[in-house]
Amino acid sequence: MPTIIDGKKVAAEIKEEIARKVKAIKDSEQRAPHLAIIISGDDGASHTYVGGKINACKAVGFDYTLMHVASSISETKLLQHIDNLNQDPDIDGFIVQLPLPDHVSVEKATDRILPEKDVDGFTNQNFGSIVTEHPLLLPATPFGVMELMKRYKIETKGKHCVVVGASRIAGAPLSLMMMQQGLATVTICHMYTEELEKHTKEADILVVAVGKPGLVTKQMVKEGAVVIDIGTTRVEDSTKKSGFRLAGDVNYDEVAPMCSYITPVPGGVGPMTIASLLMNTLKAYEMRTNQA
Ligand code: GUN
């Protein structure tokens, strides 16, 4: 049977480590790291994710600011808020929660954030730093995946890693991290790749980040592979009080028995995204206060 990678447990360990560091900072009479979050509109899933981020700040002792703006906000006004946070000396890092209203350009908003405050790791400078000797603030979700593999002592060097999904915030940066820090041989596919299973079946480490529940079946996985599922799609489920559940991209029940390691959904990669955000915020704080 596989080892089930417990992202919740690892994220809790990371939070404890950060809380200890924050306590030491406060004990030495310095101000705590401060994260700000801009959220637009009333999308339920976004508010749930952001609630988790705020709770995590509280748990580790960070200061936090939540800015809720209407979905009717103009692009110009949103960019002004970003400029203000860029200039605010009390803010160490901030994120603009996605998705944004359709009339606001995600690229413009992301590119406006100062790289040293970009704790999501979305800006081009932070993205590019993945392939340098001095990575800056790494994209949160792939950073979380790399940290999980490190803590579970999963060997990546020389292994064949197949990543399905090439998004800017998950698949693309993870592929680079696997190549550069993981020293793996990387194949990047997406959901349009012809004969996808031919590639996925070759993977020692298979990472899926597409957002298509059940995409990966047992025919697509090599016996003994490590399977990392980044997909989190809300699907209707009348047996749940909320009326939905989170579904990964991997058909867990049939794939898990063949794996050496596998991440469940929920409770695998998801909690690590928040842990990475906290790690990045602490790093941004340390860089600003010259403690890094
Ligand atoms: N929306 C879904 N995931 C994320 C994330 O990691 N960061 C931001 N800013 N928005 C998101």
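All of the points below concern the structure found in this document. (Residues numbered from 1 in each chain as written. Predicted model: local features only at pLDDT ≥ 70, side-chain atom pairs only at ≥ 80, totals over all residues. Heavy atoms only, no water.)

1. Here's the deal with the sheet that holds strand β3 (residues 63–69)
Read across the sheet, 3 strands follow the order β3-β2-β4 without closing on themselves; strand pairing throughout is parallel. Since the sheet does not close on itself, it has two edges, and those belong to β3 and β4 (93–96), each with one partner. In this sheet, adjacent strand axes meet at a mean angle of 15° when their direction is disregarded. Where strand β2 (residues 34–40) and β4 come together, 4 bridges link them in parallel fashion. Looking across to β4, one finds that Ala 36 is bridged to Phe 94. Sitting on the sheet, helix α3 (residues 75–87) is in contact with β2, β3 and β4, with an inclination near 180° to β2. (Pairing = 2+ DSSP bridges. Helix = DSSP H or I, 4+ residues; strand = E, 2+ residues; numbered from the N terminus. Axes fitted to C-alpha atoms, helices over the stretch in contact; angles between N-to-C directions. Contact = heavy atoms within 4.5 Å.)

2. Focus on the environment of Thr 200
By the element assignment, Thr 200 lies in helix α8 (residues 196–200). Taking the C-alpha atoms as reference, Thr 200 lies 36 Å from Ile 113; in sequence the two are 87 residues apart. Look past the residues within four positions of Thr 200 in its chain and what remains in contact with it is Val 162, Val 164, Leu 206 and Met 220. A polar contact of 3.3 Å, which involves the side chain of Thr 200, links it to the backbone oxygen of Glu 197. (Polar contact = N/O pair within 3.5 Å; in protein donor to acceptor, adjacent residues only side chain to side chain.)

3. With respect to the sheet that holds strand β1 (residues 3–4)
Taken in spatial order, the 6 strands make up an open sheet running β1-β11-β8-β7-β5-β6, and their pairing is parallel. What marks the edges here is a single partner per strand, and that holds for β1 and β6 (185–189). When β1 meets strand β11 (residues 261–262), the two strands line up parallel, connected through 2 bridges. Opposite Thr 3, over in β11, you have Tyr 261 as the bridge partner. The sheet strands contacting helix α7 (residues 171–180) are β5 (160–164), β6 and β7 (205–208), and the helix crosses β6 at an angle near 165°.

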